[in-house]
Amino acid sequence: MHVVIQVVVGVVTIYATVRKMFQKPESVVKLPAVGAVVVPPALPATPVQASPTDSVHVAD
């Protein structure tokens, strides 16, 4: 049964590949930039202090 499924998957994959190969390329429309994108400066990483409730206690 799994051989039949593999054959079906293979046929569908080949069909999709051939279909994609014969597709016309989409035209790319470039739009003018309306405004500049401003990226905020990265903040330095600060170490996080572990609180006493973060630890896991296992009963003996």
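Residues numbered from 1 in each chain as written. Predicted model: local features only at pLDDT ≥ 70, side-chain atom pairs only at ≥ 80, totals over all residues. Heavy atoms only, no water.

(A) Geometry of the overall build of the protein chain. If you tally the helices and strands in the protein chain, you get one helix and zero strands. Expressed as a percentage of its 60 residues, the buried residues of the protein chain come to 0%. Element-wise, carbon and sulfur atoms account for 69% of the exposed surface of the protein chain, whose accessible area totals about 6,800 Å². (Helix = DSSP H or I, 4+ residues; strand = E, 2+ residues; numbered from the N terminus. Buried < 20%, exposed > 50% of the residue type's maximum accessible area, 1.4 Å probe, protein only. Areas by Shrake-Rupley, 256 points an atom, 1.4 Å probe, with all protein chains shown as cover.)

(B) Quick peek at a nonpolar patch on the surface. Taken together, the side chains of Met 1, Val 4, Ile 5, Val 8, Val 9 and Val 12 present a nonpolar region at the surface, about 600 Å² in accessible area. The topology assignment puts Val 9 in helix H1 (residues 2-21). The exposure class assigned to Val 9 is partly exposed, which follows from its relative accessible area of 48%. (Patch = residues over 30% accessible without salt bridge, like charges linked within 9 Å, V, L, I, M, F, W, Y side chains within 5 Å. Salt bridge = Lys/Arg side-chain N within 4 Å of Asp/Glu carboxyl O.)

That's the geometry; what it means functionally is another story.
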